[in-house]
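Each chain is listed here by its residues.
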Amino acid sequence: MRLKSAPQDATSTTTTREVQEDTEKRTLCTMEQLVQGKWTMGAEKDKPPYIPTPGERQQKTCHGFDPSARWQDWEWTPEDHSRCDFLNSDIDSDLFCSLARNKTIVIQGDSISFDHFLSLSHLLGVPVAPPRAVPKDPLRVSKICNGTSMLIGKKDFHLQQVGRIIKEFHPDVMILNRGAHYVSDEQLIQHLNSTVIPHIVTWQDECVLEKKDCHFVWRSTVPGHPHCTQFTKPAESVEEMEMMIATSPQYNWDKFKGQNELVMDLLSGSSLTAFNMFDGYPINILRPDLHGPAHNDCLHTCLPRDNIYSFITLHLLRLWSE
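Residues numbered from 1 in each chain as written. Predicted model: local features only at pLDDT ≥ 70, side-chain atom pairs only at ≥ 80, totals over all residues. Heavy atoms only, no water.

A short note on the overall build of the chain
Part 1: Looking only at helices and strands, the chain has 10 helices and 10 strands in total.
Part 2: Residues classed as buried in the chain amount to 50% of the 322 residues present.
Part 3: If you take every contact in the chain between residues at least 6 apart in sequence, the share linking residues at least 24 apart comes to 78%.
Part 4: Counting every atom, the chain has about 16600 Å² of accessible surface; 50% of that belongs to carbon and sulfur. (Helix = DSSP H or I, 4+ residues; strand = E, 2+ residues; numbered from the N terminus. Buried < 20%, exposed > 50% of the residue type's maximum accessible area, 1.4 Å probe, protein only. Contact = heavy atoms within 4.5 Å. Areas by Shrake-Rupley, 256 points an atom, 1.4 Å probe, with all protein chains shown as cover.)

Quick word on the packing of aromatic side chains
Part 1: Applying the stated criterion across every chain, the model contains 5 aromatic pairs.
Part 2: Lying across the ring of Trp39, Arg287 places its NZ or CZ 4.6 Å from the centre.
Part 3: Here the basic side chain of Arg305 rests over the ring of Trp71, its NZ or CZ set 4.2 Å away from the ring centre. (Phe/Tyr/Trp six-rings, centres within 6.5 Å; stacked < 30°, edge-to-face > 60°. Lys NZ or Arg CZ within 6 Å of the ring centre and 35° of its normal.)

Things to note about helix H8 (residues 256–268)
Part 1: If you check H8, its first and last C-alpha atoms are 18 Å apart, about what 13 residues at 1.5 Å a residue would give, namely 18 Å.
Part 2: Looking at the buried side of H8, the elements it contacts are helix H6 (185–209), strand E9 (215–219) and helix H9 (281–284). (Expected span 1.5 Å × (residues − 1).)

A closer look at the state of the cysteines
Part 1: Following the criterion strictly, the structure yields 5 disulfides and no others.
Part 2: Each disulfide pairs two cysteine sulfurs, and for Cys29 the partner residue is Cys84, the sulfurs being separated by 2.0 Å. Looking along the S-S bond of the Cys29-Cys84 disulfide, the torsion reads about 80 degrees, which is the right-handed sense. Linking Cys29 in the loop between strand E1 (27–28) and helix H2 (31–34) with Cys84 in strand E4 (residues 84–85), this pair joins segments that are 55 residues apart in sequence. (Disulfide = S-S within 2.5 Å.)

A short note on the packing of H6 against H8
Part 1: Look at H6 against H8: their axes get within 11 Å of each other, and the N-to-C directions meet at 35 degrees. Here the hand of the crossing between H6 and H8 comes out right-handed. Mapping the contact onto sequence places Asp185, Leu188, Ile189, Leu192, Asn193 and Ile197 in H6 and Gln259, Leu262, Val263, Leu266 and Leu267 in H8.
Part 2: A breakdown of the residues in the contact of H6 with H8 according to their chemical character gives 8 nonpolar, 2 polar and 1 charged. (Axes fitted to C-alpha atoms, helices over the stretch in contact; angles between N-to-C directions. Left-handed = near helix turned anticlockwise from the far one by under 90°. Nonpolar A, V, L, I, M, F, W, Y, C, P; charged D, E, K, R; others polar.)

A short note on the confidence of the model for the chain
Part 1: Averaged over all residues, the pLDDT of the chain is 88; the fraction at 70 or higher stands at 86%.
Part 2: Of the regions scoring below 50 in pLDDT, residues 1–23 engages in 3 contacts with residues more than four places distant in sequence or in other chains. (pLDDT = per-residue confidence, 0-100.)

Remarks on the pattern of salt bridges
Part 1: A full pass over the atoms with the stated rule returns 11 salt bridges.
Part 2: For Asp46, the salt bridge identified is with Arg70, shortest N-O distance 2.7 Å. Placement of Asp46 in the loop between strand E2 (37–41) and strand E3 (74–78) and of Arg70 in the loop between E2 and E3 is noted, with a sequence separation of 24 residues between them.
Part 3: Between Glu168 and Arg164 there is a salt bridge whose closest N-O contact spans 3.4 Å. Here the residue Glu168 and the residue Arg164 both occupy positions in helix H5 (residues 162–169), the gap between them amounting to 4 residues, near one helical turn. (Salt bridge = Lys/Arg side-chain N within 4 Å of Asp/Glu carboxyl O.)

With respect to the sheet that holds strand E8 (residues 173–176)
Part 1: A sheet is described by the order of its strands in space; here 6 strands give the open sequence E6-E7-E5-E8-E9-E10, paired in mixed fashion. For this open sheet the edge positions go to strand E6 (139–144) and strand E10 (276–278), each flanked by a neighbour on one side alone. The mean inter-strand angle of the sheet, taken between neighbouring strand axes irrespective of direction, is 20 degrees.
Part 2: Sheet topology note: the E6/strand E7 (residues 149–155) ladder contains 6 bridges and is antiparallel. Paired with Ser142 across the bridge in E7 is Leu151.
Part 3: Across the sheet, H5 touches strand E5 (104–109), E6, E7 and E8, and the angle it forms with E6 is around 35 degrees.
Part 4: Along the sheet, helix H10 (residues 308–321) contacts E8, E9 and E10; its crossing angle with E10, the most-contacted strand, is approximately 155 degrees. (Pairing = 2+ DSSP bridges.)

So, in structure tokens, the structure goes:
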């Protein structure tokens, strides 16, 4: 949309030029810079980013959502936003498609990973209507970017089907998460070492032979928030949220931080060629207000407000292109 320009004097012209030059000088935020930040209220828009498809049961529609109303939402703002660039309020589909052209992106893991897949599908304008009878571990495919690329969503709580997905789809990007279905540290390490990592190593070796630029991403797990219905806006302190979770332990949420660190250490010392850490923990632990309308669900977040993982996915594509 072209905006009508107001008359400018020499001072305003200089200011505009300085702003443009400053923007061009900013580099992309590193993933380390990205996770240090806070939630700030964004600008009001004419409409919501998308309308969730009826039937997305677990990915509950946000409370009070009105598809015909104007839209305003919280945006993640890195502390270094004046020095580095992160697109935090919308998906630039042209940019996304230029970076994802002819690629297959797999998002596989728990139901939060499936939320991630649904959010990104919606933001790219290609929501897929769910079947009437949704299987326990559904597999959904979105053909994105005018059919030039594919986005795969696989609900696989314990990552038992990583090898099958690799064999069937030959992905360029794998975003995995073991998720909120807690097992002991010993079980977690054993499964990653015996099953997940060997599949990823084999896939990485195949990518090298095929001269494909492949990327493996591990997303950290964010705990739920006890008493989530009491919150109407984001929190400001990770430490305060961790204390609340520790003093009201349920579903082993208080153990997620330690297991995130355990997996990070395990992957760092493994035979993987490379991996990217997608650390959603310090970002979404600050969103106790983002859960759906059901009072007994303080783990799952709601659509169409929870899109931060989609924005980070685009950011990773941008980092890899440099």
